[in-house]
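Okay, here's what each chain looks like letter by letter:
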Amino acid sequence: MYDTNNIFAKILRGEVPCKKVVQGDYFLSFHDINPKTNVHVQVIPTGPYINAHDFIQKASQDEQIGFWQGVNETITALNLKGNGYRLIMNTGTNGRQEVQHLHIHILGGNDIGPMVVKK
Ligand code: AMP
């Protein structure tokens, strides 16, 4: 069940402020409150989707296309294409997802290092 009180739902409703990057009909992007790299931005769909598989299974084509267009517009707005970036979608317990509204991290602005540390 989608929890309408998660922090990103509150941002979408304007109840919690954010440092916006770009907004469209199907997405919102904003700077992460605790950036892990020089540039760390979240892109979220405007619809109530918990995670990647929830979104892929339930979102309309317009929502899915609109979300990915939002990712592209945000990467362009942040001027990250030249030096590159990393996209991350944490999902569930093993993925250590903290916020239960689908979000994709855009990380860039410096060399981010190895993808994951092997345990
Ligand atoms: P995840 O572990 O993938 O769910 O990541 C959640 C991300 O949301 C973390 O990077 C947090 O720093 C970020 N975050 C939590 N609250 C806010 C907020 N109010 N504004 C912006 N980013 C936030």
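Just so we're clear, the structure is a prediction, and the values are computed from it rather than from any experiment. The residue numbering used here restarts from 1 in each chain and proceeds along that chain's sequence as written. Only residues with pLDDT of at least 70 get local features here, since the model is predicted, and only at 80 or more are side-chain atom pairs given and counted; chain-wide, interface and lining totals rely on the full set of residues. Heavy atoms throughout the structure, all of them, feed into the side-chain values; hydrogens and water do not.

### A short note on helix α3 (residues 61–77)
Spelled out, the test is: Numbering of helices and strands starts at the N terminus; helices are DSSP runs of H or I of at least 4 residues and strands are runs of E of at least 2. Expected helix span is taken as 1.5 Å per residue step, with the number of steps being one fewer than the number of residues. For every residue, the accessible area obtained with a 1.4 Å probe (protein chains only) is divided by the maximum for its type, and the residue is called buried under 20%, exposed over 50%, and partly exposed between those limits. Any pair of residues with heavy atoms lying within 4.5 Å of one another is described as a contacting pair.
Between its terminal C-alpha atoms α3 stretches 24 Å, which fits the 24 Å expected from 17 residues at 1.5 Å a residue. Among the residues of α3, E63, Q64, G66, F67, G70, V71, T74 and I75 are the ones counted as buried. Close packing links the buried residues of α3 with β1 (20–23), β2 (27–31), β3 (39–45), α2 (52–58), β4 (85–88) and β5 (104–108).

### Some details on the pattern of salt bridges
Selection criterion: In what follows, salt bridge is the name for a side-chain nitrogen of Lys or Arg lying within 4 Å of a carboxyl oxygen of Asp or Glu.
For the structure shown, the criterion picks out two salt bridges. Here R13 and E15 are joined by a salt bridge, their closest N and O atoms 2.7 Å apart. Across the pair D54 and K58 runs a salt bridge whose closest N-O atoms are separated by 2.6 Å. On the criterion of helical spacing, the pair formed by D54 and K58 is a turn pair, its members being four residues apart in helix α2. By relative accessible area, which is 57% here, K58 ends up exposed.

### Considering the packing of aromatic side chains
Selection rule: Only Phe, Tyr and Trp rings take part, Trp by its six-membered ring, and two of them pair if their centres are within 6.5 Å. Stacked means planes under 30 degrees apart, edge-to-face means over 60, and tilted covers everything else.
Counted by the stated rule, this structure contains four aromatic pairs. Ring geometry for F8 versus F30: centroids 5.2 Å apart, planes at 80°, classification edge-to-face. Of this pair, F8 sits in helix α1 (residues 7–12) while F30 sits in strand β2; the two residues are 22 residues apart in sequence, bridging distant segments of the chain. Looking at F8, the relative accessible area reads 8%, which means it is buried. Owing to a relative accessible area of 3%, F30 belongs among the buried residues under this scheme. Residues Y49 and F55 carry aromatic rings whose centres are separated by 5.3 Å and whose planes lie at 75° to one another, so their mutual orientation is edge-to-face. Y49 sits in the buried class, given a relative accessible area of 8%.

### Some remarks on the environment of D111
Inclusion rule: Counting of polar contacts relies on pairs of N or O atoms within 3.5 Å, with two restrictions inside protein: one atom must be capable of donating a hydrogen and the other of accepting it, and residues adjacent in sequence are counted only when both atoms are side-chain atoms.
One can find D111 in the segment after β5. Note on D111: relative accessible area 72%, which makes it exposed. Along the chain, D111 and D25 lie 86 residues apart, while their C-alpha atoms are 32 Å from each other. Among the polar contacts made by the side chain of D111, one reaches the main-chain amide nitrogen of G113 at a distance of 3.0 Å.

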